[in-house]
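Observations on chain architecture
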Amino acid sequence: MSPLKPPVARRVAIVAGARVPFARSDGPYATASNQDMLTAVLDALVERQGLQGPGVVGEFVAGAVLKHSRDFNLARETVLGSKLDPRTPAYDIQQACGTGLQAVIAAANKIALGQTESAIAGGADTASDAPLGVNDDLRRILLEARRAKSVGARLKALARIRPAHLVPDIPRNAEPRTGLSMGEHAAVTARAWGVTREDQDELAATSHQRLAAAYERGFFRELVVPFRGLARDQNLRPDSTAGKLAALKPVFGLKDPDPTMTAGNSTPLTDGAAVVLLASQEWAEARGLEVLAYLTAYETAAVDFVQGDVVQGEDGLLMAPAYAVPRMLERAGLGMDDFDLVEIHEAFASQVLATLAAWEKQGLAPVDRARLNVTGSSLATGHPFAATGARIVATLAKLLAERDGPGRGLISVCAAGGQGVTAILERP
């Protein structure tokens, strides 16, 4: 028997994307589940791209960060409730805020290796419908009662239940290893890198202004699907200015002598979903679908934000892209000047500015701000954790497709747990 020949990696095309307008938590989507939102964007993509029918899409990959037990098979259940062929395989993936981009990468790898011709990838998250866990002490008592061998033993266990046991465990935006919220971690990094309040507010205002301009020119017409009364991202403030943001009080790093991080230069809790259609070039051509761009490289990294050099900023919670991007560029033989567009997820304005400074410290050329997040980013759109990566991929792919000639774009996403996911998109 002859050994199988190793597959030759193929180019992976970004064909289309869809997302709902992102909403502030406890707002218009307060009663929408992850599956509701993910189904809405999947159905829109299927209808717009003509993906109905058996075997049209090879696989669906998606995830959520805040998941109920009912979401244990979220991607597959979404397929079964959507207009996509129910025979389409699906699986969940999760890497905190990097989930959406990591889902795209997972799907792209199978296409590149010839294991499938097409796939849809993305994610959804709702901070409104966050799961409430049973008090852990109560859980232990209930498990003990279940294991009891007699009625008496069961009643004895249940008799230990007290009113305090009925208080649920509410999800916290905090790192288990440190107990600090992401905002408090970002405040430490902002101080370490000397990021000023003025620069943060300017970056945040620019994000809102550019997102508003993109909506006005119709850029999102093919990307955003109206949902539950929203047609635009609810967090968008078109009239934002650095001067208006300067009036807001700090909310993170309040123990510092001069805290700089406010609700205006930080991303709010958000609900939303986004997906991307990927395929081989041959599949797209056979169906008459335009290729927006190609996913050509990706890299992940992690930092030791628990025991590492956090105070000096080198191992800040959200600084992993500072290491992933230089590695990816070295492998690809590229420099920062080779990119026409740069998309950095804006968890916080301070994190974006610290990342830019860290790249320069590692020898990369400064990023031209005119090329950075040109249609706004998470500070303006909001940030449904698992949806952000897919939102950025679809946005950047369309931006590249709008250009008169070839173009190249960089994606950088920081994530909880001290992780980062980065990628390169190109249009030849």
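Structural notes, computed from the coordinates. Keep in mind that this is a model prediction, so the values were computed, not measured. (Residues numbered from 1 in each chain as written. Predicted model: local features only at pLDDT ≥ 70, side-chain atom pairs only at ≥ 80, totals over all residues. Heavy atoms only, no water.)

Some details on the packing of helix 7 (residues 197-216) against helix 11 (residues 349-361)
Just so we agree on the cut-off: Between N-to-C directions, angles cover 0 to 180 degrees, with each direction set by a line fitted to C-alpha atoms, over the stretch in contact for helices. Only DSSP runs of H or I with at least four residues qualify as helices, and only runs of E with at least two residues qualify as strands; both kinds are numbered from the N terminus onward. Orientation is classified from the angle alone, with under 35 degrees giving roughly parallel, over 145 giving roughly antiparallel, 65 to 115 giving roughly perpendicular, and any other angle giving oblique. Whether two residues touch is decided by their heavy atoms; if any such pair falls within 4.5 Å, the residues are in contact. Classes in brief: Ala, Val, Leu, Ile, Met, Phe, Trp, Tyr, Cys and Pro nonpolar; Asp, Glu, Lys and Arg charged; the others, Gly included, polar.
Where helix 7 meets helix 11, the closest approach of the two axes is 9 Å, and the angle between their N-to-C directions is 105°. Viewed along their axes, helix 7 and helix 11 adopt a mutual orientation that is roughly perpendicular. Across from Asp-199, Gln-200 and Leu-203 in helix 7, the residues of helix 11 making contact are Ala-349, Ser-350, Val-352 and Leu-353. The residue makeup of the contact of helix 7 with helix 11, split by class, is 4 nonpolar, 2 polar and 1 charged.

Concerning the nonpolar core
We count it as follows: Only buried Ala, Val, Leu, Ile, Met, Phe, Trp, Tyr and Cys residues count toward a nonpolar core, and they belong to the same one when joined by side-chain atoms within 4.5 Å. Burial here depends on accessible area, computed with a 1.4 Å probe over protein chains only, as a share of the maximum for the residue type. Under 20% is buried, over 50% is exposed, and the range in between is partly exposed.
Membership of the largest hydrophobic core comes to 48 residues, with the highest contact counts inside it found for Leu-278, Ile-411 and Leu-425. The contact partners of Leu-278, leaving out residues within four places of it in the chain, are Val-12, Ala-13, Ile-14, Val-104, Ala-107, Ala-108, Ile-111, Glu-117, Ser-118, Ala-119 and Ala-121. Val-57, Ala-90, Ala-279 and Trp-283 belong to the second-largest nonpolar core, a separate cluster that totals 40 residues.

Let's talk about the side chain of Ser-378
How we decide: Contacts described as polar in this section are N or O atom pairs within 3.5 Å, which, within protein, must combine one atom able to donate a hydrogen with one able to accept it, while residues neighboring in sequence count only if both atoms come from side chains.
Residue placement: Ser-378 occurs in helix 12 (residues 378-381). Polar contacts involving the side chain of Ser-378 include one to the side chain of Arg-391, which spans 3.2 Å. Those residues within four positions of Ser-378 in sequence are excluded, and the remaining contacts are Thr-267, His-345, Glu-346, His-383, Thr-388 and Arg-391.

As for the pattern of salt bridges
Note the cut-off: The term salt bridge refers to a pairing of a side-chain nitrogen on Lys or Arg with a carboxyl oxygen on Asp or Glu at a separation within 4 Å.
If you walk through the whole model with that rule in mind, you get 24 salt bridges. Among the salt bridges present, the one from Asp-136 reaches Arg-139, with a minimum N-O distance of 2.8 Å. Of this pair, Asp-136 and Arg-139 are both found in helix 4 (residues 136-147), 3 residues apart, which corresponds to roughly one turn of the helix. Overall, Asp-136 belongs to the partly exposed group, its relative accessible area being 29%. For Arg-160, the salt bridge is made with Glu-144, and the minimal N-O distance between the two is 3.1 Å. With Arg-160 in the loop between helix 5 (151-158) and helix 6 (182-192) and Glu-144 in helix 4, this pair connects stretches of sequence that are 16 residues apart. Where salt bridges share partners, they join Asp-136, Arg-139 and Arg-140 into one cluster.

Honestly, it's all geometry; don't read function into it.
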